[in-house]
Amino acid sequence: METLLKSNPLEKLNSTSVVSGARAVVETLIAEGVDLMFGYPGGAIMPVYDALYDYQSEINHVLTRHEQGAIHAAQGYARATGNVGVCLATSGPGATNLITGIADAQIDSTPIVCITGQVASALLGTDAFQETDVVGISMPVTKWNFQVTKAAEIPRAIAKAFYIAKSGRPGPVLIDITKDAQFETFEFHYKPFKSMRSYVPIYKLNLNRIEEAANLINSAKKPLVVFGQGVILSEAEEVFKTFIEKAGLPSAWTILGLSALESDHHLNVGMLGMHGNYAPNKLTNECDLLIAIGMRFDDRVTGNLDLYAKQAQVIHIEIDPSEIGKNVPTDVAVLGDAKQVLHELLLRVEKRNHQDWLKEFRRLEKLEVETVINKEFYPTTETLTMAEVIHGINQKSEGKAIIVSDVGQHQMIACRYSKFSESRSNITSGGLGTMGFCLPAALGAKLGQPNREVIAVIGDGGFQMTIQELGTIFQTGANIKIVILNNEFLGMVRQWQELFFDKRYASTQLVNPDFQTIAKGYHLKSKKIQTRDELANGVEEMLNHDGSYLLEVMVGKENNVFPMIPTGAAVSDIRLK
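Since the structure is predicted, the reported quantities are computational estimates derived from the model, not experimental observations. (Residues numbered from 1 in each chain as written. Predicted model: local features only at pLDDT ≥ 70, side-chain atom pairs only at ≥ 80, totals over all residues. Heavy atoms only, no water.)

**Regarding the overall build of the chain**
Looking only at helices and strands, one finds 23 helices and 20 strands in the chain. Per-residue burial over the chain gives 60% buried out of 577 residues. Carbon together with sulfur atoms contributes 50% to the accessible area of the chain, which is approximately 23100 Å² in total. (Helix = DSSP H or I, 4+ residues; strand = E, 2+ residues; numbered from the N terminus. Buried < 20%, exposed > 50% of the residue type's maximum accessible area, 1.4 Å probe, protein only. Areas by Shrake-Rupley, 256 points an atom, 1.4 Å probe, with all protein chains shown as cover.)

Structure, rendered in structure tokens:
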């Protein structure tokens, strides 16, 4: 018979092993393949942390400086690796501090398992110290959640959590475990969770729908593919590229689809959405066939739905049936995993090219380059632009780095101008738009992909929301390159105030601390760039430095991001200035 404190953690458990619920948590995580997790201890989760003490050679637990940092780090890890991210927190404020990250993971389809401690079951509902109904609070923003009150429920609940988090359309799951269940002992038995009667993660392909889609593609004269993160989540990058090459399909991406297709591919026509590229937005309302793959037609991509692609027939390839027809009426809905669907479509589409149609994209692209991009990359003003910083990073990183961005003007600039040659290279908060996401997410990405360069691109506002995670970076020794694009404003809000609120800059100007001194306090090498002459050497020094590095770049205070689709306008009303 075994107990938590007397057991040998390296001894393999069998069906007759008697363990505590806390040890069962750790053993089940190991059985699910977890070797890295993020968290912050507290009273209600302390038994699990005590059990983790005996498994330090098997699970690397990263102590973040805030629970929000823990879940964003788990998101960054999941997005960079394709594995399920895991985080731990205690009850009450520890659990509620996860909610923003959980909501972010839900809308961006990120597989996360959160395990929270809870007060003893006898105290549930009594307003005990640090008691919060985290199951009720998290229900709208989780794919599934469950409260464990008996130790024997732990292995199955966690195994089910992993199955749900990573199957079908991925998402976050939360398991809340009462403290008495963590202490209680039982006969441990683990087996993988493989199916649920009420849950269909991937629907059987309807070949008739695939035939219909192929027929539309084969007859289209002006087709346009819009692809999202579903291509990445289904690991369909190679078949996707083969498919668009065979059918000669111009392809535009959402910000979460970015890096599924290399930036310099001849059929890559750029970024969709409010601050996307001119050509794909303009020509969305001129195509005769819109082929949506693994994307959900969110409002930042579509603009005014009443004016979106009304002239086009629409094919929607999507794993989640709730997204079909939710925003945009669909002529042919193909329900299924993108990789499976594309393999079937590849067999049925004809070899074609659409050179005249593609020339329309290149013509408008040239107009954007002349009107916007050249002025961003090679400005005549003394002040640096965010775009020329990203351009400088591209020249040194050669498209091989993972770029993690926060939320705001710099995010749109990073997504517009970063160049990628590998998938899973663009990590950002898409649907929720969470400021503070970048720094901890970059940590998670680097720990998940230690052999890849990870560059965090952050605004001075978002940086200060999770600035304490510099301590986690220092403690872990993670090699992260941090670029603060400092315009001393909440830049995106300021841009809207300038364009739509008569330059009434209400509560958007920032009086910032000395970021160089702060970096020194966290033992990080750093440099501040204020002139164009310093930029190239500063970027090179940062990338060549062996260890984490903070590069602060002072950029124009009132620079705006263009092109731009005004709120309520059609995508074809996109403005170049």
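**So, the environment of G171**
Within the secondary structure, G171 is located in the loop between α7 (154–166) and β7 (172–178). When the C-alpha atoms of G171 and S109 are compared, they prove to be 4.7 Å apart, with 62 residues separating the residues in sequence. Filtering out sequence-adjacent residues up to four positions away, G171 remains in contact with S109, T110, P111, I112, K143 and A165. (Contact = heavy atoms within 4.5 Å.)

**What about the confidence of the model for the chain?**
Mean pLDDT over the chain: 96, with 97% of residues reaching 70 or higher. Within the model, pLDDT remains below 50 along residues 1–10, and this stretch shows 24 contacts once partners closer than five positions in the same chain are excluded. (pLDDT = per-residue confidence, 0-100.)

**Here's the deal with the domain arrangement of the chain**
Taken domain by domain, the chain holds domain 1 (18–187), domain 2 (207–361) and domain 3 (382–554). Taking only C-alpha atoms, the centre of domain 2 and the centre of domain 3 are 31 Å apart. Taken together, the contact pairs 17 residues of domain 2 with 19 residues of domain 3. Between domain 2 and domain 3 the total buried area reaches about 1400 Å² when both faces are included, carbon and sulfur atoms providing 58% of it. Counting the surface domain 2 buries against domain 3, the share from its top three residues, I255, S259 and H275, is 37%. (Domains from an automatic or database assignment. Buried area = accessible area lost by both parts, 1.4 Å probe.)

**Side note on the sheet that holds strand β6 (residues 144–148)**
Here we have 6 strands laid out as an open sheet, ordered β3-β2-β4-β5-β7-β6, and parallel in their pairing. On the outer flanks of this sheet lie β3 (60–63) and β6, each paired with one strand and no other. Averaged over all adjacent pairs, the angle separating strand axes in this sheet is 20 degrees, with direction ignored. For strand β4 (residues 85–89) and strand β5 (residues 112–118), the ladder comprises 5 bridges, and the chain directions are parallel. Pairing of G85 across the sheet is with I112, part of β5. Relative to β6, α7 is tilted by about 170 degrees, and along the sheet it contacts β4, β5, β6 and β7. This element, helix α18 (residues 438–448), spans β2 (36–39) and β3 of the sheet and lies at about 160 degrees to β2. (Pairing = 2+ DSSP bridges. Axes fitted to C-alpha atoms, helices over the stretch in contact; angles between N-to-C directions.)

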